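A look at the structure
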Amino acid sequence: ERLSGSVERALVSIDKRVGMAAKLLHALSAFVHRSDQPISTFNINELISEEYILLERFSKLAQVDSVLELGEGLPSLYNDPSLLQHVFYRMYALCLQQLNGGDSLVIMTGQHEKYTEIVFRLIGNSHATFRDLICDNLSAAVKKLEGNLTVDTRVDGCTGFLLEIP
C-alpha cells in the first residue's frame, strides 16, 4: 500500500510535467513556421503526420478524440512546407478550441481535381463557424499558399473545414 501511494504521487507528478511540456510545446509551435524557408517539394502526408504527432497531446488533454486519415497515392506538393505547417497548426488549435470533451476531430488528406485537400471535421457539440477559424491572419497565410479555406459541406451532421492546396 505504501508503494501504491508512492506510485500514485509519481504519476501525478509526471502528469503535471507532461501538461507543462505540452504548454511549452504549444508556445513553441507558434514559432515553427519561418517565412525564410524556401519553396520545396514535399510529401503532404509526411508533413501532416509529423506535426500531428506533436499536436495529438493537446487533443488528449482536452479529452477530444482525434483521428488522422491519410489519403493514399497523393502527389508531392511544390509549396512552402513551413507555412503549411503553420496553417495546419493554427487550424488544429482553432478546431480544438471549438470542441468539448467527448467530441471528435477527424483530419483527412486527399485529392480533388488539381488540389490536395486537408479536411478538418468537428464531430459533437461544436457550434464552430467559418468565421471562428479565420483569424490571426490565417486567410493571408492560406492565400500565400495559393490555397483555399472553405466550409466543407460534403458531410451532414458535423462541421467541416476544407483546406485546398494546389
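Structure: above.
The following refers to the structure shown. (Residues numbered from 1 in each chain as written. Predicted model: local features only at pLDDT ≥ 70, side-chain atom pairs only at ≥ 80, totals over all residues. Heavy atoms only, no water.)

**Some words on the sheet that holds strand β7 (residues 159-165)**
Basically, it comes down to this: In this description, strands pair whenever DSSP reports at least two bridges between them. Working definition: helices are DSSP H or I runs of at least four residues, strands are E runs of at least two. Numbering for both runs from the N terminus. Lines are fitted to the C-alpha atoms to define the axes, a helix being fitted only along its stretch in contact, and any angle between axes, read from their N-to-C directions, falls within 0 to 180 degrees.
Strand order in the open sheet formed by five strands is β2-β4-β5-β7-β6, with mixed pairing between adjacent strands. The sheet terminates laterally at β2 (65-69) and β6 (148-151), the two strands that pair on one side only. Taken pair by pair, the neighbouring strands of this sheet meet at an average axis angle of 15 degrees, ignoring direction. In the sheet, strand β5 (residues 115-123) pairs with β7 via seven bridges, with the strands oriented antiparallel.

**Things to note about the packing of aromatic side chains**
For clarity, the cut-off: Any pair of Phe, Tyr and Trp rings, taking the six-membered ring for Trp, is counted once the centres come within 6.5 Å. Such a pair is stacked with planes under 30 degrees apart, edge-to-face with planes over 60 apart, and tilted for the rest. Buried, partly exposed and exposed residues are distinguished by accessible area as a fraction of the type maximum, computed with a 1.4 Å probe on protein chains only: under 20%, between the cut-offs, and over 50%, respectively.
In total, this model carries three aromatic pairs according to the counting rule given. Aromatic pair Tyr52 and Tyr92: ring centres 6.3 Å apart, planes at 80 degrees, arrangement edge-to-face. In this pair, Tyr52 is assigned in helix α2 (residues 44-61) and Tyr92 in helix α3 (residues 81-98), connecting sequence segments 40 residues apart. The same class applies to Tyr52 as to Tyr92, namely buried. Through pairs of rings, three or more aromatic residues link up here, namely Tyr52, Phe88, Tyr92 and Phe120.

**Looking at the environment of Tyr78**
Just so we agree on the cut-off: Contact between two residues is taken to exist if any of their heavy atoms lie within 4.5 Å; hydrogens are not considered.
Mapped onto the secondary structure, Tyr78 falls in strand β3 (residues 77-79). Beyond its immediate chain neighbours, meaning those up to four positions away, Tyr78 contacts Ile39, Ser40 and Thr41.

**Details of the pattern of salt bridges**
Two side chains with opposite charge may pair up if their charged atoms get near one another. Worth spelling out the cut-off: Salt bridges, as used here, are contacts in which a Lys or Arg side-chain nitrogen is within 4 Å of a carboxyl oxygen on Asp or Glu.
On inspection of all chains with the given rule, the structure shows one salt bridge. Taking the shortest distance from any N to any O, the salt bridge between Asp15 and Arg57 comes out at 3.9 Å. Taken together, the residues Asp15 in helix α1 (residues 2-29) and Arg57 in helix α2 connect sequence positions 42 residues apart. Looking at Arg57, the relative accessible area reads 27%, which means it is partly exposed.

**Quick notes on the pairing of strand β4 (residues 104-112)**
In terms of residue burial, β4 counts as a mostly covered element, since seven of its nine residues are buried. Pairing geometry for β2 and β4, over five bridges, is parallel. Its bridge partner being in β4, Ser66 is matched across the sheet by Leu105. With nine bridges joining them, β4 and β5 adopt antiparallel strand pairing.

**Quick notes on unusual backbone geometry**
Unlike most non-glycine residues, Gln63 shows phi in positive territory, near 60 degrees. Take Gln63: it is sitting in the loop between α2 and β2. In this structure, Glu113 is a non-glycine residue whose phi angle is positive, near 55 degrees. Positionally, Glu113 belongs in the loop between β4 and β5. Of the residues examined, Glu113 reaches a relative accessible area of 68% and is grouped as exposed.

**Considerations on the pairing of β5**
Here β5 lies mainly inside the structure; eight of its nine residues are buried. Taken together, β4 and the strand that follows it, β5, pair antiparallel across an intervening segment of two residues, in which Glu113 is found at a positive phi of about 55 degrees.

**Points about the environment of Asp103**
Just so we agree on the cut-off: Counting of polar contacts relies on pairs of N or O atoms within 3.5 Å, with two restrictions inside protein: one atom must be capable of donating a hydrogen and the other of accepting it, and residues adjacent in sequence are counted only when both atoms are side-chain atoms.
Tracing the chain through its elements places Asp103 in the loop between α3 and β4. Among the polar contacts listed, one links the side chain of Asp103 to the backbone nitrogen of Asn100, at a separation of 2.8 Å.

**What about the nonpolar core?**
The condition that has to hold: For the purposes of this section, nonpolar cores are sets of buried Ala, Val, Leu, Ile, Met, Phe, Trp, Tyr and Cys residues that join through side-chain atoms within 4.5 Å.
Ranked by size, the top nonpolar core spans 35 residues in total, and within it Leu84, Leu105, Ile118 and Phe120 carry the most contacts. Listing elements by their share of this core, those giving two or more residues are α2, α3, β4, β5, α5 (138-144) and β7. Here this core takes ten residues from α3, the largest share from any one element. Contact partners of Ile118, with chain neighbours within four places excluded, come to Ile44, Ile48, Leu84, Phe88, Ile107, Met108, Thr109, Phe161, Leu162 and Leu163.

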